[in-house]
Amino acid sequence: MGYTETRIGTVAPMEIFRAPRVSLIARPQFIEPEHLPVHWLGEASDGERLAEYAGRLCYMSQRNPVNRTTAEYLENIKKQGHGSVLEHAVYVLLIEGISRSCSHELVRHRAGFGYSQISQRYVDESHAAFVLPPAVAGDPKLEEEWQGQVTAAQAAYVRSVEGLMQRYEWVTDKVHRRKMAREAARSVLPNATEVKIVVSGNARAWRTMLELRCGEGAELEIRRMAIAVLRVLQREAGALFSDFEIYVGDDKQEAARVAYHKV
Ligand SMILES: Cc1cc2nc3c(=O)[nH]c(=O)nc-3n(C[C@H](O)[C@H](O)[C@H](O)COP(=O)(O)OP(=O)(O)OC[C@H]3O[C@@H](n4cnc5c(N)ncnc54)[C@H](O)[C@@H]3O)c2cc1C
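Reading the values: rules and limits
For every chain, the first residue of its written sequence is number 1, and the numbers climb from 1 along that sequence. pLDDT decides what is reported in this predicted model: residues at 70 or higher carry local features, side-chain atom pairs at 80 or more are listed and counted, and totals for whole chains, interfaces and linings draw on all residues regardless. For side-chain calculations, the full set of non-hydrogen atoms in the structure is used, while hydrogens and water are omitted. Numbering of helices and strands runs from the N terminus, with a helix taken as a DSSP run of H or I at least four residues long and a strand as a DSSP run of E at least two residues long. Using C-alpha atoms as the atom set, the radius of gyration is obtained and then compared with a globule rule of 2.2 Å times the number of residues to the power 0.38. The cut-offs for exposure are 20% and 50% of the maximum accessible area for each residue type, with area from a 1.4 Å probe on protein chains only; residues under the lower value are buried, those over the upper are exposed, and the others partly exposed. Residue contacts are counted whenever heavy atoms from the two residues lie within 4.5 Å of one another. Per-residue and other accessible areas follow the Shrake-Rupley method at a 1.4 Å probe size, with only the shown protein chains counted as cover for residues. A positive count includes Lys and Arg, and a negative count includes Asp and Glu. His and the chain ends are not counted in either. For charged residues, the charge sits on one atom: NZ in Lys, CZ in Arg, CG in Asp, CD in Glu. Strands were regarded as paired on the criterion that DSSP finds at least two bridges between them. Here an angle of 0 to 180 degrees is reported between the N-to-C directions of two axes, which are lines fitted to C-alpha atoms, with helices fitted over the stretch in contact. We call a residue near a molecule or strand whenever a single non-hydrogen atom of that residue lies within 4 Å of it. Here a polar contact means two N or O atoms within 3.5 Å. Within protein one must be a hydrogen donor candidate and the other an acceptor candidate, and residues neighboring in sequence count only if both atoms are side-chain atoms. Per the annotation, domain bounds derive from an automatic or database assignment of domains. A quick way to say it: buried area is the sum, across both parts, of accessible area lost when two parts are put together, with a 1.4 Å probe. Salt bridges, as used here, are contacts in which a Lys or Arg side-chain nitrogen is within 4 Å of a carboxyl oxygen on Asp or Glu. Here a cavity denotes grid points, spaced 1 Å and computed from the protein atoms alone, that fit a 1.4 Å probe unable to get out, and a pocket denotes an open set having protein on both sides within 12 Å along at least 5 of 7 lines; residues with an atom within 4 Å of a point are the lining. Grid points are joined across faces, edges and corners, and a volume is the space filled by probe spheres set on the points. Each residue receives one of three labels: charged for Asp, Glu, Lys and Arg, nonpolar for Ala, Val, Leu, Ile, Met, Phe, Trp, Tyr, Cys and Pro, and polar for the others, Gly being one of them. Here a patch means residues that are over 30% exposed by relative accessible area and free of salt bridges, tied together within 9 Å if like-charged and within 5 Å if nonpolar (Val, Leu, Ile, Met, Phe, Trp, Tyr).

**Student:** Please explain the overall build of the chain as it appears in this structure.
**Tutor:** Check the secondary structure of the chain and you find eight helices and ten strands. Against the 2.2 N^0.38 benchmark of 18 Å for 263 residues, the chain shows a C-alpha radius of gyration of 23 Å, more extended than a compact globule. Its C-alpha atoms give the chain principal-axis dimensions of roughly 75 × 50 × 25 Å. Counting only residues that meet the buried cut, the chain has 46% of its 263 residues in that class. Taking the contacts inside the chain whose residues are at least 6 apart along the sequence as the reference set, 70% of them involve residues at least 24 apart. In the form shown here, the chain has an accessible surface area of approximately 13900 Å², with 50% of it arising from carbon and sulfur atoms. Within the chain, the 34 negative side-chain charges are centred at a point lying 4 Å from the centre of the 34 positive side-chain charges.

In C-alpha cells, the structure reads:
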C-alpha cells in the first residue's frame, strides 16, 4: 500500500489492487410451468435448468427420452453449437479492482452484455485506488517506480480539481460545478485507475468473452480478470462453463482454453 497527500495535507494510504474481485450479484430463477414440466435428471442450478428447458422446448422432448442429466444434456448442446438456448441464463457480476484500461477492453464485448460503470464525472477520484499491472507485479524496483507515477498523477488530479473549482466559482449549483471540475480533471488520471463495474451477460455472451480473453494472446490484466470470472461462473453453473480448462501458459500466467468453440 502506498501513500498520497490529501487536500488538508495529511497522508492517506493509497489502495493498490493486485487482483480483481468478482462477485456474483444476480442469477436466473427458473419457474417451471405446471402444464409443461420436464423429466429432470441430476442436480442443476436454475440457470442450467432454464437452458435445458428452452432446448427441450425446441423438440418437445420434455419426457427426456434418452435419460440425460442436465449436465449431459447441456454438454451435447455445447457440442452441437446450439448456443442460442444458453442466452436465457443471465448472470450479473460486480467486478472491482480492474483498471480503466481493462474495463475499456471489457466493454467492447457488446452482444448479450449490459454495463454500469463508476462515473468519473460524479465520483471524486482524489482517493482512487489503482491497479498494479500483472507484468509489473513482483519486481520491487518497477513497482516502486510505477507507484511514484500513479501518485504523481493523482496529485495532478487533485490540483486540477481545485483549480477548476476556483475557475468556475461563479457556477452557483455546487453539484454542477464539481461535475465540471471532475470531468475535466479526470483527463490526467492514469489508465491504472481502479473502476467498479456491474456486468450482466447471458451464458453465451460470457462464453464468447471468456474464450477471447482467457487466451494467451489476451492482455494480462483482462486475462487475469477473465480467469476470475470463469471461476465464479464455473462454480455457479458448471454445466454451462465446464468445458473451459484453466492451465498455466508459457508466460507462467494462468490462461484457459475451451473445448467447444463459440457455441
Ligand atoms: C487479443 C485481442 C486483441 C485486441 N486488440 C484490439 C485492438 O488493437 N483494437 C481494437 O479496436 N480492438 C481490439 N480488440 C477488441 C476486439 O476487436 C473486439 O472488439 C472484442 O474482442 C469484442 O469482440 P466481439 O466484437 O467479437 O464481441 P461482441 O461484441 O460481444 O460480439 C460477439 C459476436 O457477436 C457478433 N456480432 C456482434 N456485433 C455484431 C455486429 N455489429 N455485426 C455482426 N455481428 C456482430 C459477432 O459474431 C461477434 O463475434 C482485441 C481483442 C482481443 C481479444
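We are not done yet, so read on.
**Student:** Any chance you could explain the sheet that holds strand β6 (residues 113-117) here in plain terms?
**Tutor:** Paired through backbone hydrogen bonds, the strands of a sheet run either parallel or antiparallel to each other. Reading across from one edge, β4-β5-β8-β6 is the order of the four strands in this open sheet, with antiparallel pairing throughout. Of all the strands in the sheet, just β4 (21-26) and β6 have a single pairing partner and so form its edges. Each adjacent strand pair in this sheet contributes to an overall mean axis angle of 20°, direction not counted. Sheet analysis places strand β5 (residues 90-99) next to strand β8 (residues 194-202), joined by eight bridges and oriented antiparallel.

**Student:** Just checking my understanding: could you explain the site of the ligand for this structure?
**Tutor:** The environment of the ligand is made up of Arg108, His109, Arg110, Ala111, Leu212, Arg213, Gly217 and Lys262. Between the ligand and Arg108 there is a distance of 2.8 Å, counted from an oxygen atom to a side-chain nitrogen or oxygen. Between an oxygen atom of the ligand and a side-chain N or O atom of Arg213, the distance comes to 3.5 Å.

**Student:** When you look at the domain arrangement of the chain in this model, what are you seeing that I'm missing?
**Tutor:** Where interface size is quoted, it is often the accessible area lost as the parts come together. The domain architecture assigned to the chain consists of domain 1 (1-28 + 89-137 + 190-263) and domain 2 (29-88). Put simply, the middle of domain 1 and the middle of domain 2, counted by C-alpha atoms, are 30 Å apart. Both sides of the domain 1 and domain 2 interface together cover about 1400 Å² of buried area, and 58% of this is carbon and sulfur. Counting every contact that joins domain 1 to domain 2 gives two salt bridges. The salt bridge partner of Lys78 is Asp243, with a shortest N-O separation of 3.5 Å. Of all elements in the fold, only β5, α6 (203-213) and α8 (238-241) reach the threshold of two or more residues within the side of domain 1 that touches domain 2.

**Student:** Could you clarify how one ought to interpret empty space enclosed by the protein in this entry?
**Tutor:** Across all of its chains, the model carries one cavity of 30 Å³ or more by this definition. What the largest cavity holds in volume is close to 40 Å³. If you go around the largest cavity, the residues you meet are Arg204, Arg207, Thr208, Glu211, Phe244, Val258, Tyr260, Lys262 and Val263. Sort the elements by how many residues they give to the lining of the largest cavity and α6 lands first, with four residues. Its residues assigned to classes, the lining of the largest cavity shows four nonpolar, one polar and four charged.

**Student:** Sorry if this is basic, but what is going on with the side chain of Gln120 here?
**Tutor:** Of note, Gln120 is situated in the loop between β6 and β7 (130-131). With near-sequence residues (within four places) excluded, Gln120 lies in contact with Arg100, Glu125, Arg182, Arg186, Leu189 and Thr193.

**Student:** Is there a simple way to think about the environment of Met60 in this case?
**Tutor:** Looking at the element boundaries, Met60 is found in the loop between α1 (46-59) and α2 (70-80). Residue class for Met60 comes out exposed when judged on its relative accessible area of 51%. Taking the C-alpha atoms as reference points, Met60 and Leu36, 24 residues apart in sequence, are found 9.6 Å from one another.

**Student:** Can you walk me through the pairing of β8 in this structure?
**Tutor:** Successive residues of a regular strand alternate their side chains across the two faces of the sheet. One ladder, built from five bridges, connects β6 with β8; its direction is antiparallel. Note on β8: the bridge partner recorded for Phe113 is Gly201.

**Student:** Where do I start with a nonpolar patch on the surface in this structure?
**Tutor:** Together, Tyr122, Val123 and Val175 make up an exposed nonpolar region whose accessible area comes to about 280 Å². Within the secondary structure layout, Tyr122 lies in the loop between β6 and β7.

**Student:** Even after reading the chapter, I still don't get the pattern of salt bridges, so can you show me in this structure?
**Tutor:** Close approach of charged atoms allows side chains with opposite charge to pair. Overall, the coordinates contain 14 salt bridges when judged by the stated rule. Residues Lys78 and Glu75 are paired through a salt bridge, measuring 3.8 Å at the closest nitrogen-oxygen approach. One end of the pair, Lys78, and the other, Glu75, are both in helix α2, three residues apart, so they sit about a helical turn from each other. A network of salt bridges, in which partner residues are shared, links Glu75, Lys78, Arg207 and Asp243.

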